[in-house]
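Results of the structural survey
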Amino acid sequence: MPANPALRDYLLNRRSVGLAFLQEPGPSPSELETILTIATRVPDHGKITPWRLVIFEGDARRDAGERLAAILGQRRPDLDAASLEAERQRFLPAPLTIGVLSVPQEHPKVPELEQVLSAGNVAFNLLNAAFALGYAASWVTRWFAFDDEAAAMLGAGAGERFVGFVHIGTSRAVIEDRPRPALSDVVTRWSVPD
Ligand SMILES: Cc1cc2nc3c(=O)[nH]c(=O)nc-3n(C[C@H](O)[C@H](O)[C@H](O)COP(=O)(O)O)c2cc1C
């Protein structure tokens with residue numbers, strides 16, 4: 001495969017753009033198809049497709065936020081109006097959010113960790129695909145990924161877990177990069193133990 005300087009430079013500079021900085025326009029239907037196709041082209045030991053995706057777009061974004069607020073409001077009647085409003089806005093203003101569900105399956109050779117990692121690759125490739133098409137994106141989980149009632153309301157079936165929600169839209173600001181780890185802190189060379 002020939003060297004690809006554009007891809008190298010993208011990978012050297014890639015950074016997320018948070019939900020608050022995303023705005024319309026989002027991907028067109030055909031761009032979304034491309035984004036989904038890229039995202040589902042990931043390493044998958046055993047070819048078992050241990051993940052699936054849930055799209056939140058249009059009015060469904062507000063409906064999902066309303067239901068998140070209703071779940072929290074019922075559990076915590078003391079919650080202030082601003083906090084409830086924050087829940088209502090969870091899928092706004094991004095034009096598009098894609099939830100990635102880990103769907104682990106019993107397999108004689110592929111442990112669950114590998115299957116969850118494959119789902120994580122789908123989420124990361126959603127970011128890459130969004131950027132490749134000129135959009136911006138970020139990957140969050142938030143409380144509702146880990147809350148059974150909320151996750152079920154958002155589309156998780158039995159035994160499924162959200163590994164992330166990838167918000168996608170057009171960036172309305174140039175985002176500063178965050179500090180990155182020094183390679184010397186995270187990389188060692190293995191040698192025969194003493
Ligand atoms: C699995 C996962 C879950 C995350 N969940 C959240 C979250 O709930 N809230 C948040 O503010 N950031 C969350 N983040 C971090 C954001 O993606 C953050 O924007 C990211 O670390 C920026 O890094 P980047 O610029 O290298 O993409 C999560 C990251 C990962 C990998």
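Going by the structure above, here's the rest.
Heads up: these notes are all about the structure in this document. (Residues numbered from 1 in each chain as written. Predicted model: local features only at pLDDT ≥ 70, side-chain atom pairs only at ≥ 80, totals over all residues. Heavy atoms only, no water.)

Considerations on the overall build of the protein
Across its full length, the protein carries 7 helices and 5 strands. Beginning at the N terminus, the succession of helices and strands in the protein can be written as α-β-α-β-α-α-β-α-β-α-β-α. Projected onto its principal axes, the C-alpha coordinates of the protein cover approximately 60 × 45 × 40 Å. In the protein, which comprises 194 residues, the proportion classed as buried is 39%. Residue pairs in contact within the protein that sit at least 24 positions apart in sequence constitute 81% of those at least 6 positions apart. The protein carries 20 positive and 24 negative side-chain charges, and their two centres are separated by 4 Å. (Helix = DSSP H or I, 4+ residues; strand = E, 2+ residues; numbered from the N terminus. Buried < 20%, exposed > 50% of the residue type's maximum accessible area, 1.4 Å probe, protein only. Contact = heavy atoms within 4.5 Å. Lys, Arg positive; Asp, Glu negative; His and termini not counted. Charge placed at Lys NZ, Arg CZ, Asp CG, Glu CD.)

Things to note about the site of the ligand
Around the ligand lies a shell formed by R14, R15, S16, W139, V140, T141, R142, V163, R178 and R180. Within the side chain of R14, one N or O atom sits 2.8 Å away from an oxygen atom of the ligand. Within the side chain of R180, one N or O atom sits 2.6 Å away from an oxygen atom of the ligand. Alone, the ligand offers 640 Å² of accessible surface; in the complex the protein occludes 60% of this. For the shell around the ligand, the class distribution of residues is 3 nonpolar, 2 polar and 5 charged. (Near = heavy atom within 4 Å. Polar contact = N/O pair within 3.5 Å; in protein donor to acceptor, adjacent residues only side chain to side chain. Areas by Shrake-Rupley, 256 points an atom, 1.4 Å probe, with all protein chains shown as cover. Nonpolar A, V, L, I, M, F, W, Y, C, P; charged D, E, K, R; others polar.)

Some thoughts on the pattern of salt bridges
Per the stated rule, a full pass over the model turns up 9 salt bridges. Between E149 and R75 there is a salt bridge whose closest N-O contact spans 2.9 Å. With E149 in helix α6 (residues 148-153) and R75 in helix α3 (residues 59-75), this residue pair connects regions lying 74 residues apart in the sequence. Given the relative accessible area of 38%, R75 is considered partly exposed. Across the pair R90 and E87 runs a salt bridge, and its minimum N-O distance is 3.1 Å. Using a relative accessible area of 19% as the deciding quantity, one classes R90 as buried. On the basis of relative accessible area, E87 is assigned to the buried category, the value being 5%. Among the charged side chains, a network of salt bridges with common partners joins E66, E85 and R88. (Salt bridge = Lys/Arg side-chain N within 4 Å of Asp/Glu carboxyl O.)

A look at the environment of F21
Checked against the element boundaries, F21 lands in the loop between α1 (5-13) and β1 (22-23). Judged by its relative accessible area of 35%, F21 falls in the partly exposed class. Separated by 149 residues in the primary sequence, F21 and T170 have C-alpha atoms spaced 8.1 Å apart. Setting aside chain neighbours within four positions, we find F21 in contact with T170, S171, R172, A173 and I175.

With respect to the packing of helix α2 (residues 29-39) against helix α5 (residues 112-132)
With their axes 8 Å apart at the nearest point, α2 and α5 run at an angle of 140 degrees to one another. The orientation of α2 with respect to α5, classified from their angle, is oblique. Relative to α5, the crossing made by α2 is right-handed. In this structure, α2 uses I35, I38 and A39 to contact α5, whose residues at the interface are V122, N125, L126, A129 and A130. (Axes fitted to C-alpha atoms, helices over the stretch in contact; angles between N-to-C directions. Parallel < 35°, antiparallel > 145°, perpendicular 65-115°, else oblique. Left-handed = near helix turned anticlockwise from the far one by under 90°.)

Section: the packing of aromatic side chains
Enumeration over the complete set of coordinates arrives at 8 aromatic pairs. An angle of 55 degrees between the planes, with centres 6.2 Å apart, marks the rings of F56 and F165 as tilted. Within this pair, whereas F56 is found in strand β2 (residues 51-57), its partner F165 is found in strand β5 (residues 161-171), the two being separated by 109 residues in sequence. Ring geometry for F91 versus F165: centroids 5.8 Å apart, planes at 80 degrees, classification edge-to-face. Residue F91 is found in the loop between α4 (81-88) and β3 (96-102), and its partner F165 is found in strand β5; the two are separated by 74 residues along the sequence. Grouping residues by exposure puts F91 and F165 together as buried. Members of the aromatic cluster, connected to one another through ring pairs, are F56, F91, W143, F144, F162 and F165. (Phe/Tyr/Trp six-rings, centres within 6.5 Å; stacked < 30°, edge-to-face > 60°.)

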